[in-house]
Amino acid sequence: MNLHLSNQQLMIQPRIILLKLKNQALTNLKHGGAQGGGTLGGYGAYSIGSISLNKGEVLYVYVGGQGGSNSTTTNVGGYNGGGYSGNMNASDSYGGGGATHIALESGLLTNFSNKLDKLLIVSAGGGGASEILTTLAGSGGGITGCGGTSSHSQYNSAAYLPGGGTQTGAGFAYGGSARQGIFGAGIQSNTSGYGGGGGAGLYGGSNGHGTTGAGGSSYIGHSLLTNKAMYSYQCEESSEETTRTISTLCHSETPTINCAKEGNGYARITYFDYWNS
């Protein structure tokens, strides 16, 4: 049995894409989550893995969108779970970046809390920035999202800095659950004050209060996924097979292997058909 490169698809717009396999294939999955909103929005994480799929099986690909700012209503996060930001002087804060995920069933990432067997791989989004602050927001992580930051002395302390999403839950948030991320997303409603929204992920990063948002966590824990790893911009590392995370200094708007993602997320799927020699 040999492998033959049959097709490769690159998806870069925030949306859902349905892909149906024409033949049994080894499928390589590479994708990045979206950056949080603002010039200093946290970068999206990068995840990679391979899975053998049968003819007729369908992949559902959801590409995350960069967080934004809307001074007339609310500061919503990017497509696929990016968290809302604070609403004081709405143009001062930005929403979190959306996650990119690939699954065997349709649905935004928040729909998979009780269906992890259908969720193949997730790349987390970064936290949203604030125009008032001069620090990079928390980037999307692997095992754990990067925490939020602040250049304001009053808020640059453990009592305020939001935590990134983990593999089992949301990180710390000032004020508790009202600002905490949830499974698949940052918070989905505005909070008071200024502060960036949390990035989406397996668990979303928490929303900031006088701080940037925190990054979400990524996921490569599916038992059928092989040759898998997660890359994040200066977040926590892990050597365990199901949470392998490598810290990188690389970040690029152009989809780049092993690099954190600027701008919108993306997905690159490569098929290698099986054939007999």
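A few points on the structure. Worth saying up front: this structure is predicted, and the values here are computed from it rather than measured.

**Points about the overall build of the chain**
When its secondary structure is counted, the chain shows zero helices and twelve strands. Overall, the chain shows an N-to-C arrangement of helices and strands of β-β-β-β-β-β-β-β-β-β-β-β. Whereas a compact globule of 277 residues would reach a radius of gyration of roughly 19 Å, the chain reaches 18 Å, a difference of no more than 12%. Going through the 277 residues of the chain one by one, you find that 57% of them count as buried.

**Some words on the sheet that holds strand β5 (residues 58–63)**
Spatially, the four strands line up as an open sheet ordered β2-β5-β6-β7, and their pairing is antiparallel. Two strands bound the open sheet, and with one partner strand each, they are β2 (15–20) and β7 (119–123). Put simply, the sheet's adjacent strands are angled 15 degrees from each other on average, direction ignored. The pairing of β2 with β5 spans six bridges and is antiparallel. Pairing of I16 across the sheet is with Y62, part of β5.

**Considering the pairing of strand β6 (residues 100–103)**
In summary, the side chains of a regular strand alternate between the two faces of the sheet. Residue alternation in β6 divides its side chains into two sets, T100 and I102 and H101 and A103, and both sets are buried. Bridge analysis of β5 against β6 gives three bridges, and the strand direction is antiparallel. Residue pairing in the sheet places Y62 in a bridge with H101 of β6. In terms of strand pairing, β6 meets β7 through four bridges, oriented antiparallel.

**Describing unusual backbone geometry**
For Q234, which is not glycine, the phi dihedral falls at a positive 60 degrees. Mapped onto the fold, Q234 is located in the loop between β8 (226–233) and β9 (245–248). Phi at N258 takes a positive value of approximately 65 degrees, unusual for a residue other than glycine. Within the secondary structure, N258 is located in the loop between β10 (251–252) and β11 (260–261).

What counts, and at which threshold
Residues numbered from 1 in each chain as written. Predicted model: local features only at pLDDT ≥ 70, side-chain atom pairs only at ≥ 80, totals over all residues. Heavy atoms only, no water. Helix = DSSP H or I, 4+ residues; strand = E, 2+ residues; numbered from the N terminus. Rg over C-alpha atoms; globule rule 2.2 N^0.38 Å. Buried < 20%, exposed > 50% of the residue type's maximum accessible area, 1.4 Å probe, protein only. Pairing = 2+ DSSP bridges. Axes fitted to C-alpha atoms, helices over the stretch in contact; angles between N-to-C directions.

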